[in-house]
Each structure stands twice: as structure tokens, then as C-alpha cells.
Amino acid sequence: MTALNWELAPEHVLILSDSLALSGDDHRPAFMTTKVFPLSHLGLCIAGTGVQPLAERFWAHANSKCIVSDVAHLDEYATDILRDLWLQLHSEPDYQTEEARRFTSTVYVYGWSAVDEAFIGFAYRSANDFVSEPMSYGIAAKPAPNSGELPQMSGLKDFAELMLLQKQEDRERPRMERIGIGGEILMTLMVREETGFTAIKQQPIFKFDDYDEDWELILAKLPENQDHPLSIAALARDP
């Protein structure tokens with residue numbers, strides 16, 4: 001799962017996510033990953049919360065199997081594609097458990113619409129059978145702060161502080177209830193250039209203070225390392 005925050009405006013899209021993935025069995029760090037997937041030839045980005053492989057597979061499908069021109073065109077097919085991918089996912093052994101059947105997923109698509117001549121976005125939620133939901137302009141945060149209210153946001157610094165808050169609140173939960181926010185903050189920025197093309201810039205902008213500890217846990221869980229004294233010690237001290 002992930003922390004996913006964004007600002008959607010007609011003239012730009014700013015998306016920030018973390019890079020940590022947890023293992024399903026013990027909710028400890030499993031690997032670092034990118035969670036926002038650009039499709040430069042379509043001028044759009046795909047992201048997801050919940051069951052992360054769904055967004056990745058939707059990106060791969062849109063990249064190689066969809067004859068579409070932009071985000072609005074992809075939206076015409078997205079619901080049916082996601083329903084099929086969701087069924088395929090839940091036919092696999094890893095998703096046959098009772099816990100896995102309770103998992104949900106939301107896929108977000110942000111991009112430039114030639115018809116609207118603006119950036120637009122859509123959300124597709126497993127809880128709503130992946131029906132297309134146009135996204136409103138403004139700022140959103142997943143997960144929302146415990147207070148239920150977003151702080152005033154005016155730039156990257158404020159987004160970074162929001163993610164620090166999200167991480168702190170997540171860390172206060174029992175380990176098996178955490179979504180697992182960590183690694184680095186990855187920024188994705190989409191703007192429309194004077195050339196008529198959409199520019200997509202993606203880079204890390206911040207490293208969480210427990211980044212090295214998470215890497216130790218990732219390495220400790222590798223099969224070839226699990227019996228090593230340092231791995232045993234790392235797993236023992238992880239709350």
C-alpha cells in the first residue's frame with residue numbers, strides 16, 4: 001500500500017508518493033518501488049492505492065494493448081480493463097486467502113485531455129466496481145490525516161510535511177494494521193509545454209530518517225540472509 005498525495009489543476013499535476021512496499025505476511029519492509037507510472041506517449045500517469053499490482057498491470061496493459069490517444073480516451077475502456085485485471089488477480093494463489101479477498105484497490109489516472117485542453121483525472125475503485133469517477137481539481141491526500149482535515153498546502157515543502165505526518169500516524173498503529181509509509185518521497189510533476197507536448201518529471205525529493213533501517217529489514221528477509229545473526233537482530237528489534 002502507499003501514501004499518495006496530489007494537486008490536480010488545469011495547468012499541472014503534482015503527485016507525491018512514498019517508495020516502501022510491505023510484505024503481506026508480516027507487514028515488514030519487503031522492497032522499494034516506484035508507485036506512479038508515466039505513459040509519456042499519452043501524456044498521463046497511473047497510480048494506485050491498496051493492492052499495488054493492479055495499478056502496475058493496468059499501466060502495462062495501457063502501454064502495450066490499448067489503442068488510445070489520451071487520458072479521456074483511455075477512460076472509455078478503463079472500467080472494463082480493470083474489472084478483468086481484478087478477476088485475474090484474484091484467481092492467483094496469493095489472493096485466495098480470506099484476508100486477501102478483503103483487500104481493496106483504487107487506481108488513479110491523471111493526464112492531459114485534448115478535448116478539455118486541460119489536465120484531468122479519473123478514479124476507479126474496486127469498492128465501486130471500477131466505475132469511472134472524474135476527479136475534482138484541488139489537493140487530496142491518501143491516507144487522510146487522523147484529524148480528517150488537510151493542512152494549508154502551498155508547495156513541495158508542505159507536501160513533504162504532510163507525508164511526514166502520514167508516516168508518523170501510520171507508525172503509531174500496530175504493525176499488522178500499517179499501510180507502510182517509508183523509503184523516499186517520489187515527486188511526479190506534469191506540465192504542458194509551449195511545444196504542445198506534456199512534460200513529465202519524476203524524481204526523489206526526500207529520504208525518510210528510517211530509510212537505512214528499512215533496507216536492513218529488507219535484506220534480513222532475503223532467504224539467504226535469514227539465519228545470519230545481523231538479520232535475526234534486525235527482525236527482533238523491529239516493532
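Structure: above.
Below, the structure is looked at part by part.

Thresholds applied
Residues numbered from 1 in each chain as written. Predicted model: local features only at pLDDT ≥ 70, side-chain atom pairs only at ≥ 80, totals over all residues. Heavy atoms only, no water. Bend = angle between axes of the 7 residues up to and from the residue. Helix = DSSP H or I, 4+ residues; strand = E, 2+ residues; numbered from the N terminus. Buried < 20%, exposed > 50% of the residue type's maximum accessible area, 1.4 Å probe, protein only. Contact = heavy atoms within 4.5 Å. Polar contact = N/O pair within 3.5 Å; in protein donor to acceptor, adjacent residues only side chain to side chain. Pairing = 2+ DSSP bridges. Axes fitted to C-alpha atoms, helices over the stretch in contact; angles between N-to-C directions. Core = buried A, V, L, I, M, F, W, Y, C linked by side-chain atoms within 4.5 Å.

Describing helix H2 (residues 71–89)
Then comes step 1: By the largest-angle criterion, Tyr77 marks the main kink of H2, which is about 50 degrees.
Then comes step 2: Buried within H2 we find Val71, Leu74, Asp75, Ala78, Thr79, Ile81, Leu82, Leu85, Trp86 and Leu89.
Then comes step 3: Buried residues belonging to H2 abut strand S6 (44–50), helix H1 (52–64), strand S7 (105–113), strand S8 (118–125) and strand S9 (132–134).
Then comes step 4: Here H2 starts with a cap whose side-chain oxygen sits 3.2 Å from the backbone nitrogen of Ala72, and that cap is Asp70.

Things to note about the sheet that holds S9
Then comes step 1: If you walk across this open sheet you meet the 5 strands as S5-S6-S7-S8-S9, and the pairing is antiparallel. The open sheet has two free edges, formed respectively by strand S5 (36–39) and S9, since each of these has just one partner strand. With direction set aside, neighbouring strand axes in the sheet form an average angle of 25 degrees.
Then comes step 2: Both S8 and S9 contribute to a ladder of 3 bridges, which runs antiparallel.

Notes on the side chain of Asp210
Then comes step 1: With respect to the element layout, Asp210 can be found in the loop between strand S12 (198–207) and helix H5 (211–220).
Then comes step 2: Among the residues examined, Asp210 registers a relative accessible area of 9% and is labelled buried.
Then comes step 3: Within polar-contact distance, the side chain of Asp210 engages the side chain of Lys167 at 2.9 Å.

Remarks on the pairing of S6
Then comes step 1: Here S6 lies mainly inside the structure; 7 of its 7 residues are buried.
Then comes step 2: Taken together, the 4 bridges between S5 and S6 define a ladder with antiparallel strand orientation. Looking across to S6, one finds that Leu39 is bridged to Leu44.
Then comes step 3: Remark: 4 residues form the turn of the hairpin made by S5 and S6, two consecutive strands paired antiparallel; Gly43 in that turn has positive phi of roughly 65 degrees.
Then comes step 4: In this structure, S6 lies alongside S7, joined through 7 bridges in antiparallel fashion. Looking at the pairing, Gly50 lines up with Ser105 of S7.

What to know about the nonpolar core
Then comes step 1: Of all hydrophobic cores here, the largest spans 27 residues; its most connected members are Leu44, Ile46, Phe58, Leu74, Val107 and Val109.
Then comes step 2: Put simply, the parts of the chain that give this core at least two residues each are S5, S6, H1, H2, S7 and S8.
Then comes step 3: Once you skip the residues sitting within four places of it in the chain, Ile46 turns out to touch Lys35, Val36, Phe37, Leu39, Ala55, Phe58, Trp59, Ala62, Val107, Tyr108 and Val109.
Then comes step 4: Counting 16 residues, the second-largest nonpolar core is a separate cluster that includes Trp6, Val13, Tyr110 and Ala140.

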